[in-house]
Number of protein chains: 2
Amino acid sequence: MAKTILLVEDEAAIREMIESALAHAGFNPLPAADAAEAERVMKQTRPDLILLDWMLPGVSGIELARRLRRDISTRELPIIMLTARCEEPDRVSGLEAGVDDYVGKPFSVRELIARIQAVLRRTAPRSETGPMEIEGLILDPSSHRVTAEGTPIKVGPTEFRMLRFFMGNRERVFTRSQLLDNVWGDNVYVEERTVDVHIRRLRKALAPFGYDKLVQTVHGTGYRFSTQTDS
Amino acid sequence: MAKTILLVEDEAAIREMIESALAHAGFNPLPAADAAEAERVMKQTRPDLILLDWMLPGVSGIELARRLRRDISTRELPIIMLTARCEEPDRVSGLEAGVDDYVGKPFSVRELIARIQAVLRRTAPRSETGPMEIEGLILDPSSHRVTAEGTPIKVGPTEFRMLRFFMGNRERVFTRSQLLDNVWGDNVYVEERTVDVHIRRLRKALAPFGYDKLVQTVHGTGYRFSTQTDS
DNA sequence: TCTAATTGTTACAGAATTGTTGCACGGATT
DNA sequence: AATCCGTGCAACAATTCTGTAACAATTAGA
């Protein structure tokens, strides 16, 4: 889930500053000091985006960008260039290099993060999942709504994610640990009993329509979302 | 059916490059070197979109955009402006002039194509439907007015664009980021919380008629325009 | 039945998110 | 120049959500 971002910047101070900013924003930064190191790193890991300084010792940033565009495996890799404000490089060469965005130095950290997210958003193919329905209970991700017989049911964010996961994976038992991974996310630490509380909250929300019986307890193991009668 | 795109750009090198890029992407490019030539071309062919350079000899790009907005026949024509990063144009005044998006030079061909398609996608339904109406709330894009039960509602430019977007995309959640892209324009950088402020202003304007409940909050996600009761 | 383990339920403090307001700034108008 | 208007932002208030602990209820097994 966490996007990996290759950061190619020769000045150590700036590199470290951006690196910590990226980490803080939930990205996985891969620092590199020059083009050679960048290419070495890319042989091992395939980043989701490249932050590339315009001025680099040895192979310049724009030259590296051209190389990446030439290689079929990195042709679609988004590139954001870091340039000195109003340096205004040759327009046509910028066009040809196929850079996705420019950020002029000095820049605000938040602007940089915003531009990264914008580029990732534009680049990523959108995977819209349609509404799910089970015995009249409808969950629509696009409107972010849970409906029973036409009337909307109010559920909290976590309950929504949990119900969405359950509706996509019915008739299967999940341990609390698995639910934490799939509903909360992998690298978060919360007590397993917290799952029980949210199960309770989900049941409470579904109870007025009788759908609470779909959320079943498997004693000694975990929980299951099922239309079959609980035995 | 290939979309026709009028390209107004004075620098021949850039014009030709974009022209070939457009042709390659399946569009039908109509090149023009200045505003006068652009207006001449438009008398013969009606393009689906205009790519307009900010800096033009004679009549400037933004001035041409204003003229197009004044003319009823071209009022709904999507406009994308090409601006140099260092020119730092006032995007707000551009937005008020009715520009749909900005692309800062230098830009990648991919980005340009993506933005063109994005603008075409989101302006397509608008131009065909004309005035929109939801439960007595009427928004008329051509006269730029909002009315409730005959009485006009005063909304600011941003609130108007937001309401127009919402009325064209009901029953769907949008994150603050998506709203910024669609209401403000893609590469405008403003704080996400600013969306909340304009949501507030829109609600305040709609409140005297009870329409404020159509603008719903989806906690943890964003906002939604819906006629269904929020619960 | 009795006991230990497991699960259900509730309350609550702190965190996170959203609502609301005032204000400075820039552009347009007078 | 004076004023108004729209905009974006920050600061504060209000609301909602979350995780945890504590206690009650239930289950499984001896």
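The text that follows walks through the structure, step by step, so that each part is easy to find. Each residue is numbered by its place in its chain's sequence as written, counting from 1. Just so you know, chain letters begin at A and ligand numbers begin at 1, following the order they were written in. Since the coordinates come from a predicted model, pLDDT governs what is reported: local features require at least 70, and pairs of side-chain atoms require 80 or more to be given and counted, while whole-chain, interface and lining totals use all residues. Water and hydrogen atoms play no part in the side-chain values, which are based on all heavy atoms of the structure.

### What about the layout of surface pockets?
Using the following cut-off: With a 1 Å grid laid over protein atoms only, a set of points is called a cavity when a 1.4 Å probe fits there but cannot get out and a pocket when it is open yet has protein on both sides within 12 Å along at least five of seven lines; lining residues have an atom within 4 Å of a point. Grid points are joined across faces, edges and corners, and a volume is the space filled by probe spheres set on the points.
Its volume calculated, the second largest pocket comes out at about 330 Å³. Along the walls of the second largest pocket sit 16 residues, with A:Lys154, A:Val155, B:Val218, B:His219 and B:Ser231 positioned nearest its centre.

### Some words on the sheet that holds strand 8 (residues 145-148) of chain A
Adjacent strands of a sheet pair through backbone hydrogen bonds, lying either parallel or antiparallel. Residues and elements named next belong to chain A. Stated precisely, the cut-off is as follows: Two strands make a pair as long as DSSP finds a minimum of two bridges between them. Numbered from the N terminus, helices here are DSSP runs of H or I no shorter than four residues, and strands are runs of E no shorter than two. Only the contacting stretch of a helix is used when fitting its axis, a line to C-alpha atoms as for every element, and angles between N-to-C directions run 0 to 180 degrees. Should any heavy atoms of two residues lie within 4.5 Å, those residues are counted as being in contact.
Pairing is antiparallel across the open sheet formed by 4 strands, whose spatial order is 6-7-8-9. The sheet is open, and its two borders are formed by strand 6 (132-134) and strand 9 (151-153), each paired with just one other strand. Across the sheet, the mean angle from the axis of one strand to that of its neighbour is 25°, orientation sign disregarded. The sheet strands contacting helix 6 (residues 157-168) are strand 6, strand 7 (137-140) and strand 8, and the helix crosses strand 7 at an angle near 110°.

### Comments concerning the packing of helix 6 of chain A against helix 7 (residues 176-184) of chain A
Residues and elements named next belong to chain A. Rule in force here: Should an angle lie under 35 degrees it is considered roughly parallel, over 145 roughly antiparallel, and from 65 to 115 roughly perpendicular; all remaining angles are considered oblique. Note that Gly is not counted as nonpolar here; it falls among the polar residues with everything else outside the nonpolar set of Ala, Val, Leu, Ile, Met, Phe, Trp, Tyr, Cys and Pro and the charged set of Asp, Glu, Lys and Arg.
The N-to-C vectors of helix 6 and helix 7 enclose an angle of 110°; their axes lie 9 Å apart at closest approach. The angle between helix 6 and helix 7 falls in the class roughly perpendicular. Together, Thr-158, Arg-161, Met-162, Phe-165 and Phe-166 of helix 6 and Leu-179, Asn-182, Val-183 and Trp-184 of helix 7 make up the contact between the two elements. Of the residues belonging to the contact of helix 6 with helix 7, the class tally is 6 nonpolar, 2 polar and 1 charged.

### Details of the pairing of strand 11 (residues 215-218) of chain B
All names here are of chain B. In terms of strand pairing, strand 11 meets strand 12 (residues 222-225) through 4 bridges, oriented antiparallel. Across the sheet, residue Val-218 finds its bridge partner in strand 12, namely Gly-222. Taking the residues between adjacent antiparallel strands as the criterion, strand 11 and strand 12 are bridged by 3 residues, where Gly-220 takes a positive phi near 85°.

### Concerning the packing of helix 7 (residues 176-184) of chain B against helix 8 (residues 193-206) of chain B
Residue and element names in this part refer to chain B. Threshold: Two helices that cross are described as forming a left-handed crossing if the nearer one is turned anticlockwise from the farther one by less than a right angle, and a right-handed crossing if clockwise.
Helix 8 packs onto helix 7 with a crossing angle of 70° between their chain directions and a minimal axis gap of 9 Å. It follows from the interaxial angle that helix 7 and helix 8 lie roughly perpendicular. Helix 8 is crossed by helix 7, and the crossing has left-handed handedness. Residues Arg-176, Leu-179, Leu-180 and Trp-184 of helix 7 pack against Thr-194, Val-195, Asp-196 and His-198 of helix 8. The residue makeup of the contact of helix 7 with helix 8, split by class, is 4 nonpolar, 2 polar and 2 charged.

No statement about biological role is implied by the geometric values presented.
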